[in-house]
Amino acid sequence: MANDDLLQAASAVRPCRADIRALIPLLPAEAEALEALIDRLNEERVARPFSAVVLAALAAGRPLPARHLVRGAALFEDAVQLAGAALHMEGNVAEALVQAVESGRMGWNHELMALMVAAAWFAQDPGRKAPPGLLAATRARARDSIRDPVDHASIRVIFRYLPDERLFRLLEDLACPPTDEIESVLMENILAASLADPLGGLPERPPTPVQSGFTVRRAAPKLGRNDPCHCGSGRKYKQCCLAKDQERLQRSSEIPGVTLDELEQDPNRALTLERIEGMGAPELERIHSDAVPAHLRASLVEQLMVFREGDAALNHLEAWGGIEAPAREWDRWLYEITRWRRPDLIRRLLSLASPDLQLAERLLIETRLLLLDGDVVAEMELLENRIRELIDRPAHEAVELVGVAYALLHGRHPALGILVARGVAPSANPLDAIGLENAVLAVRDKLGMEPFDAIDDVLDLMTGRSGSFDDLDDDDLDQTRMAIEAKTREMDELKRRLTEAQHALERQDRLRARNDPTDRGVRGATPSETARPAATNPELRQRLDTLKEELKSRHAERNQLRRELQEARQEIALLQQPTEPTAGEADQPFDAVEREHVHDDETFHQQPVRLVAFPKGFHQRLTRFPRAVARQTLTLAGRLAAGEPAAFVGALRLKLDRDLLRQRVGQNHRLLFRLAPDTVQIVDLVDRKDFERRLKALA
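Residues numbered from 1 in each chain as written. Predicted model: local features only at pLDDT ≥ 70, side-chain atom pairs only at ≥ 80, totals over all residues. Heavy atoms only, no water.

### Observations concerning the sheet that holds strand S3 (residues 660-665)
If you trace the five strands from one edge of the open sheet to the other, you get S1-S5-S4-S3-S2, paired in mixed fashion. Here the strands that pair on one side only, and so sit at the sheet edges, are strand S1 (611-613) and strand S2 (652-653). Two elements, strand S4 (residues 669-675) and strand S5 (residues 679-687), share seven bridges in a ladder whose sense is antiparallel. The partner of Leu671 across the bridge, within S5, is Leu685. Along the sheet, helix H35 (residues 627-642) contacts S1, S3, S4 and S5; its crossing angle with S3, the most-contacted strand, is approximately 130°. (Pairing = 2+ DSSP bridges. Helix = DSSP H or I, 4+ residues; strand = E, 2+ residues; numbered from the N terminus. Contact = heavy atoms within 4.5 Å. Axes fitted to C-alpha atoms, helices over the stretch in contact; angles between N-to-C directions.)

Here it is in structure tokens:
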């Protein structure tokens, strides 16, 4: 009964110190009972009660082990609560948080906060040892297209606590702007406040709730103050349920008559696509199979895969006996499970797929290797036979060689994968080559190696070599290529000088060690006691540091030039896309259908600068298309918003709605948009085979 009162109060708690402290008298008195309750809440994935009980226990001075964070870190409603709880738990907090991040069940912001808290916890005691995955995970997220100044600041705060040279070089290479003001807020208002008090980062009183991201529906009926109360008591509304309903209205959801708290407690209630796409891993895990309508089942499986909840996704599929979904959906799910290295889930998924999909016949080599269950001899034999089939094919037919590189990078032989990726990159298309580069750098981070690789030089050669655009007489492209070559030569020279300086310093150290018996004794001491080269030869040490800084600067400049050249090539590729169907396309039946729905081409005069307005869920939709298509779509949207005349070449108005326009994205996709006075309103991105069906839906 006592736990029931606690859970009821914890479910209604608001993120403030006053509400959390009110739970302290309701906590179980025995340590074993408190541990059992927290374990149960963690297992049932109920976010608000879990975080509220944990914070209340820590605020009361009750000890809690860090093991609760491995799965529970994803349950905290915001990063402030996570920091307050983690910094006061017992045991290796940093290791538990790194495990939580590596599980893939946390959102991006939570991952960065978890790594930042892990670094802050580690820095409190110089005797602590940082878990090996902490810096690797931080470097991986630093590479992964840092999204906004808060993300920049989070990475830099981690560097303040853990001044890792490789992370510094990576931040310099990525040219992340300084964010001192945000860093101060993160370190003082969140980390320092949470370190002093588990509730230090929370407000004293609850903030005014603000609903956003959905259309709010009233959680209580609309009645006059003097009307009879809706509860049937016979009393006037103002004398009965008015005050209670006013509180409910502040937590209204998109479902009429239901509050956000009630939806959180029962995620199976009134499921919609928008709700599923907006849920985190804890809520998704609590959805029952029989509560999901047939048309939402594929979306639920997709969201569970996003959060690496493969077991839950497979449990649903088995409960439903499989689902009807396009082959590309099954292929993507199989690819995700393969990336997690879960052969058990692969076999379960294959058993659920319809034979008509022929899923087993289309297995990637990475999946086939994983199903060999670690038989190294069989793995090498499979690789040898498959590479022998592919190696002499033309580059455009041998795309599976890229898959071989990925299989090795993500498998049991990552160092071999780095070597293969370097060999595959020159014959891969530019997008695959860039993907290989990112994969190689991520693997180097995991292996604790230097954050740069020779594949960087391979891509430089690809960027500067003769290609499909070299016949264009473009002085800017030629100058950029020449600048890249010059920077590469400068880097090679700096590397040579740096190597010579390091060797000279090492020779002096060895000579000094032989001639100085006192120093030989010192060299038997701890590493920190032996760090004396600067004292013995400050000029050589200064020269070495100067060369390092110069090399970092040239590396950053070269990468920036390479990015500019790649962007210019993509721009030219978009401009060169045909605006009228080619002879091959004209024979396609769906092109004839498409022409029936559009007006003749027209000339778009000078266009103003507009903002881009994307529909809700458009990012999720983009992930279902190839990455190259998604990139071209966003590039085209930006060019339309900028009013570039070339972006409107080939744009056609639709007959069903003259305000609705269609523009090509490559050969096989169509972007639907509207032009408002101040915005370019993106409507949808569709495959041209689905063009007519989408128009019928819009009509």
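Having seen it, we continue.
### Some words on the side chain of Asn268
Within the element layout of this structure, Asn268 appears in the loop between helix H14 (260-265) and helix H15 (273-278). Given a relative accessible area of 14%, Asn268 falls into the buried group. At a separation of 3.2 Å, a polar atom in the side chain of Asn268 contacts the main-chain carbonyl oxygen of Arg286. Looking at Asn268, its side chain comes within polar contact range of the main-chain nitrogen of His288, at 2.4 Å. Setting aside residues no more than four positions away along its own chain, Asn268 makes contact with Arg286, Ile287, His288 and Ala291. (Buried < 20%, exposed > 50% of the residue type's maximum accessible area, 1.4 Å probe, protein only. Polar contact = N/O pair within 3.5 Å; in protein donor to acceptor, adjacent residues only side chain to side chain.)

### Points about the side chain of Gln303
Tracing the chain through its elements places Gln303 in helix H17 (residues 297-306). Residue Gln303 is classed as buried on the basis of its relative accessible area, which comes to 4%.

### Observations concerning helix H4 (residues 47-59)
Taking 1.5 Å per residue as the helical rise, H4 with its 13 residues ought to reach 18 Å, and the 18 Å between its terminal C-alpha atoms agrees with that figure. In terms of burial, H4 is largely enclosed, as 12 of its 13 residues are buried. Taken together, the buried positions of H4 are occupied by Ala47, Arg48, Pro49, Phe50, Ser51, Ala52, Val53, Val54, Leu55, Ala56, Ala57 and Leu58. Taken from the residues just after H4, Gly61 is the one with a positive phi, measuring 80°. (Expected span 1.5 Å × (residues − 1).)

### Notes on the pairing of S4
Most of S4 sits inside the fold, with five of its seven residues counted as buried. Both S3 and S4 contribute to a ladder of six bridges, which runs antiparallel. From the neighbouring strand, Arg664 faces S4, where its bridge partner is Arg670. Between S4 and S5, which follow one another and run antiparallel, lie three residues.

### Some remarks on the packing of helix H3 (residues 31-44) against H4
Where H3 contacts H4, the axes come no closer than 9 Å and their chain directions differ by 155°. Classified by the angle between their axes, H3 and H4 sit roughly antiparallel to one another. In this structure, the crossing between H3 and H4 has a hand that is left-handed. Of the residues in H4, those in contact with Leu34, Leu37, Ile38, Leu41 and Asn42 of H3 are Pro49, Phe50, Val53, Val54 and Ala57. Looking at the contact of H3 with H4 residue by residue, the class counts come to nine nonpolar, one polar and no charged. (Parallel < 35°, antiparallel > 145°, perpendicular 65-115°, else oblique. Left-handed = near helix turned anticlockwise from the far one by under 90°. Nonpolar A, V, L, I, M, F, W, Y, C, P; charged D, E, K, R; others polar.)

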